[in-house]
Amino acid sequence: MLPFKLVYSDDYYLPIGSHVFPAEKYKRIHDRLLASGVAAPSDFVTPRPANDRDILLVHTPQYVEKLKTGTLSAREELELEVPYSPELVRAFWLAAGGSILAADNALHDGTAISIGGGFHHAFPDHGEGFCLIHDVAIAIRRMQHDGKIRTAMTVDCDVHQGNGTAAIFARMRTARKPLPSVPPSTLTPSSTASKEMRGAHAGDVFTISLHQKNNYPAWKPPSSIDIDLPDGTGDDDYLAWLDNALSSGLRQLDPELLCYIAGADPYREDQLGGLSLTIDGLKKRDQLIFRVARARNIPVMVTLAGGYARDVEDTVTIHCNTVIAAKEVFAAKG
Ligand SMILES: [Zn+2]
């Protein structure tokens, strides 16, 4: 039995037809975790859809109304890049409920993983990039609304910048704080790469995004920390920058909840990504985040976000490895 819960429903499936987003990945991950003995049926908990009040903690009433009544404009539908349907809206409401349940469980157990979610491209008033609503932001706002947390940190390792996350929590920005100009020498990636590190403090929710610079979204609203990685970044440089960003972020805020957006698309075989991480490197990424959080007693909720490997089995492996990494770190004694 796992020392934490996995949040999952067969209804996480996104009814989007034949699409680069492999909507069947959620069930495949669930089935693989059971078949491989990583998880038992009792490790899974089933979410309920978020209620509209939860959605409205993040999204505008006008946008929620359009989603619920099917009255998006043609341009708004196009921007989603997935075909609108009432069934799709229901799947997103369920994903948001799953993230709320994962946040709640993480606060009790130290961590929890939703085998779904991570829709970090949704803004308060519109959706884009396969994301209708921002399940992670909704979970954070719900936990704050219920008085369970005051502060949170998002650590977004999807290959695409978390533009929705940055925009949603930018409203709370209070002051700009420069990052240390000299990172710890042992963590300094090779100086040949033209990486950039931008910094700004974001009040009650601190947002970190590591992503490929030359990729969607074209407009990247500033996160608290953005790591703009050049094309082809590999395991070692990536892990050094992640370590650096976590250290910098945790020097600025000691959050009561860490929301890890564990995108599988920094993988070198990804169709929508241009980084060069290996499956092993991605698991080391997961381990690093879980180790840092555990060492500091920060609860971690995990969502999966993107993953578009040429072979969907690779995407499933990368996501399953996130569960295995959490098991290794959180089951270990001491
Ligand atoms: Zn992505």
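Refer to the structure above for everything that follows.
Residues numbered from 1 in each chain as written. Predicted model: local features only at pLDDT ≥ 70, side-chain atom pairs only at ≥ 80, totals over all residues. Heavy atoms only, no water.

(A) Representation of the coordination of the zinc ion within the structure. Summarising the metal site, the zinc ion is bound by the protein donors Asp-158 (OD), Asp-158 (OD), His-160 (ND1) and Asp-265 (OD), whose distances to it range over 1.9 to 2.7 Å. For the zinc ion, the four donor atoms in the first shell make angles of 53 to 153 degrees at the metal, a pattern classed as irregular. According to the relative accessible area criterion, His-160 is buried, its value standing at 6%. (Donors = N, O, S within 2.8 Å, 3.2 Å for Na, K, Ca; no water. Tetrahedral: all angles 85-135°; square planar, octahedral: opposite > 155°, others 65-115°. Buried < 20%, exposed > 50% of the residue type's maximum accessible area, 1.4 Å probe, protein only.)

(B) Representation of the pairing of strand 4 (residues 152–156) within the structure. Counting buried residues along strand 4, five of its five residues qualify, which places the element largely inside the surrounding structure. Residue alternation in strand 4 divides its side chains into two sets, Ala-152, Thr-154 and Asp-156 and Met-153 and Val-155, and both sets are buried. Inspection of the sheet shows strand 4 paired to strand 6 (residues 205–212) by five bridges, in the parallel sense. The partner of Met-153 across the bridge, within strand 6, is Phe-206. Pairing of strand 4 with strand 8 (residues 258–261) involves four bridges; the strand directions are parallel. Note on strand 8: the bridge partner recorded for Thr-154 is Cys-259. (Helix = DSSP H or I, 4+ residues; strand = E, 2+ residues; numbered from the N terminus. Pairing = 2+ DSSP bridges.)

(C) Structural context of the pattern of salt bridges. Considering all chains together, one arrives at 16 salt bridges under this definition. Lys-283 is the salt-bridge partner of Glu-328, the closest N and O atoms lying 3.0 Å from each other. Of the two residues, Glu-328 is situated in helix 10 (residues 312–331) and Lys-283 in helix 9 (residues 279–295); the sequence distance between them amounts to 45 residues. Here Glu-328 falls in the partly exposed class, since its relative accessible area comes to 39%. Through salt bridges with shared partners, a single network forms among Arg-28, Arg-32 and Glu-313. (Salt bridge = Lys/Arg side-chain N within 4 Å of Asp/Glu carboxyl O.)

(D) Up close: helix 3 (residues 61–69). Those residues of helix 3 not exposed but buried are Tyr-63, Val-64 and Leu-67. Mapping the buried residues of helix 3 onto a view down its axis gives an arc of 100 degrees, with all of them on the same face. Turned more than 90 degrees away from the buried face of helix 3, the exposed residues are Pro-61 and Gln-62. Residues of helix 3 that are buried make contact with helix 2 (52–55), helix 4 (74–80) and helix 5 (86–109). Gly-70 occupies a position one or two residues after helix 3 and carries a positive phi of about 65 degrees. (Arc of directions from axis to C-beta. Contact = heavy atoms within 4.5 Å.)

(E) Structural view of the pairing of strand 3 (residues 111–114). Judged by which residues are buried, strand 3 turns out to be covered on both faces: Thr-111 and Ile-113 on one side and Ala-112 and Ser-114 on the other are all buried. In terms of strand pairing, strand 1 (residues 5–7) meets strand 3 through three bridges, oriented parallel. Each bridged residue has a counterpart across the sheet, and for Leu-6 the counterpart in strand 3 is Ile-113. Where strand 3 meets strand 9 (residues 300–303), three bridges bridge the pair, whose relative direction is parallel. Considered in strand 9, the bridge of Ala-112 is made with Met-301.

(F) Representation of the packing of helix 1 (residues 25–35) against helix 10 within the structure. Orientation of helix 1 relative to helix 10, taken along the N-to-C sense of each, is 55 degrees, at an axis distance of 9 Å. With respect to their mutual orientation, helix 1 and helix 10 come out oblique. Pair helix 1 / helix 10 crosses with right-handed handedness. Residues Lys-25, Arg-28, Ile-29, Arg-32 and Leu-33 of helix 1 touch helix 10, and the partners they reach there are Val-312, Glu-313, Thr-315, Val-316, Thr-317, His-319, Cys-320 and Val-323. (Axes fitted to C-alpha atoms, helices over the stretch in contact; angles between N-to-C directions. Parallel < 35°, antiparallel > 145°, perpendicular 65-115°, else oblique. Left-handed = near helix turned anticlockwise from the far one by under 90°.)

(G) The arrangement of the packing of aromatic side chains in detail. Summed over the entire model, instances satisfying the criterion amount to ten aromatic pairs. Judged by centre distance (6.0 Å) and plane angle (85 degrees), the ring pair of Tyr-260 and Phe-290 falls under edge-to-face. Separated by 30 residues along the polypeptide, Tyr-260 in strand 8 and Phe-290 in helix 9 bring together distant segments of the chain. When its relative accessible area of 0% is taken as the criterion, Phe-290 is described as buried. (Phe/Tyr/Trp six-rings, centres within 6.5 Å; stacked < 30°, edge-to-face > 60°.)

(H) Structural context of the side chain of Gln-212. Along the polypeptide, Gln-212 turns up in strand 6. Separated by 2.8 Å, the side chain of Gln-212 and the backbone nitrogen of Gly-274 make a polar contact. If sequence neighbours within four positions are ignored, Gln-212 has contacts with Val-159, Lys-220, Leu-229, Asp-231, Gly-273, Gly-274 and Leu-275. (Polar contact = N/O pair within 3.5 Å; in protein donor to acceptor, adjacent residues only side chain to side chain.)

(I) Summary view of the environment of Leu-101. For Leu-101, the location among the structural elements is in helix 5. Residue Leu-101 is classed as partly exposed on the basis of its relative accessible area, which comes to 24%. Remark: the alpha-carbon pair of Leu-101 and Val-7, spanning 94 residues in sequence, is separated by 7.3 Å. Setting aside its immediate chain neighbours within four residues, Leu-101 contacts Val-7, Val-45, Thr-46 and Pro-47.

(J) Main features of the side chain of Ser-99. Following the sequence through the fold, Ser-99 ends up in helix 5. With relative accessibility at 0%, the residue Ser-99 sits in the buried group.

(K) Structural context of unusual backbone geometry. Omega for the peptide link from Tyr-216 to Pro-217 comes to -5 degrees, which places this bond in the cis form. Tracing the chain through its elements places Pro-217 in the loop between strand 6 and strand 7 (225–229). The phi torsion at Ala-305 lies on the positive side, around 60 degrees, for a residue other than glycine. Along the chain, the position of Ala-305 falls in the loop between strand 9 and helix 10.

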